[in-house]
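Breakdown of the fold
Each chain, written out:
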Amino acid sequence: HHYQSVGTLVIFLIFNGFFVTIDAVHPALKWIYVISPHKYVMQGLAKVAFSGESFSGYDRCADRCFGATGDEVLDSVQGLSSNADIRKIFIILWGQAAIVRVAYLLIRHKIRL
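The text that follows walks through the structure, step by step, so that each part is easy to find.

What counts as what
- Residue positions are given per chain, counting from 1 as you read along its sequence in written order.
- Thresholds applied to this predicted model are a pLDDT of at least 70 for local features of residues and 80 or more for the giving and counting of side-chain atom pairs; totals over whole chains, interfaces and linings are not thresholded and use all residues.
- Hydrogens and water molecules were not included; the side-chain quantities draw on all heavy atoms of the structure.
- Each helix is a run of H or I in the DSSP string that is no shorter than four residues. Each strand is a run of E no shorter than two, and both are numbered from the N terminus.
- Nitrogen and oxygen atoms within 3.5 Å of one another constitute a polar contact, given that in protein one can donate a hydrogen and the other can accept it, and given that sequence-neighbouring residues count only through two side-chain atoms.
- In this analysis, two residues are considered to be in contact whenever any of their non-hydrogen atoms come within 4.5 Å of each other.
- Multiply 1.5 Å by the residue count of a helix minus one, and that product is the helix's expected span.
- For every residue, the accessible area (1.4 Å probe, protein chains only) is compared with the maximum for its type, and the residue is labelled buried under 20%, exposed over 50%, or partly exposed between those bounds.
- Directions drawn from the helix axis to the C-beta atoms are what define this arc.

Observations regarding the side chain of S82
Position of S82 relative to the elements: it lies in the loop between α4 (70-76) and α5 (86-112). Only 2.9 Å separates the side chain of S82 from the side chain of D75, close enough to count as a polar contact. Here S82 is in contact with K47, D71, L74 and D75, once residues within four sequence places are set aside.

Here it is, written out as structure tokens:
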């Protein structure tokens with residue numbers, strides 16, 4: 001049954017905002033984008049890594065330049081934003097983890113009956 005877990009992870013990875021944006025998603029599938037934990041992890045890690053940074057050599061860049069500052073990079077890469085709220089992302093991820101844990105315990109308890 002590992003293939004089912006891998007399939008779910010791949011779907012969340014595809015709908016994380018980097019590969020497919022919410023605007024490109026069919027309305028019936030937008031809920032996957034909204035609940036994708038990969039989306040929140042990617043946004044949070046990028047915000048922590050790039051926020052407040054500055055990069056030298058940007059003026060000499062000829063191709064694939066995303067910005068001279070971390071905020072410019074975050075705003076130019078699809079699926080990322082300099083406006084990402086780390087606290088909100090943290091709360092969403094903890095909430096998702098709690099929901100998955102409760103669902104697991106309920107399913108495990110029901111199977112034992």
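This is not the end of the story, as more comes after the structure.
Digging into the side chain of Q96
Topologically, Q96 is positioned in helix α5. The residues touching Q96, leaving out its near neighbours within four places in the chain, are I35, S36, P37 and Y40.

A few points about helix α3 (residues 37-50)
An ideal rise of 1.5 Å per residue puts 20 Å on 14 residues; α3 measures up with 20 Å between its terminal C-alpha atoms. Among the residues of α3, those classed as buried are K39, Y40, Q43, G44, A46 and K47. One face of α3 carries all of its buried residues, which in axial projection span an arc of 165°. Along α3, exposed side chains directed more than 90 degrees from the buried face belong to L45 and V48.

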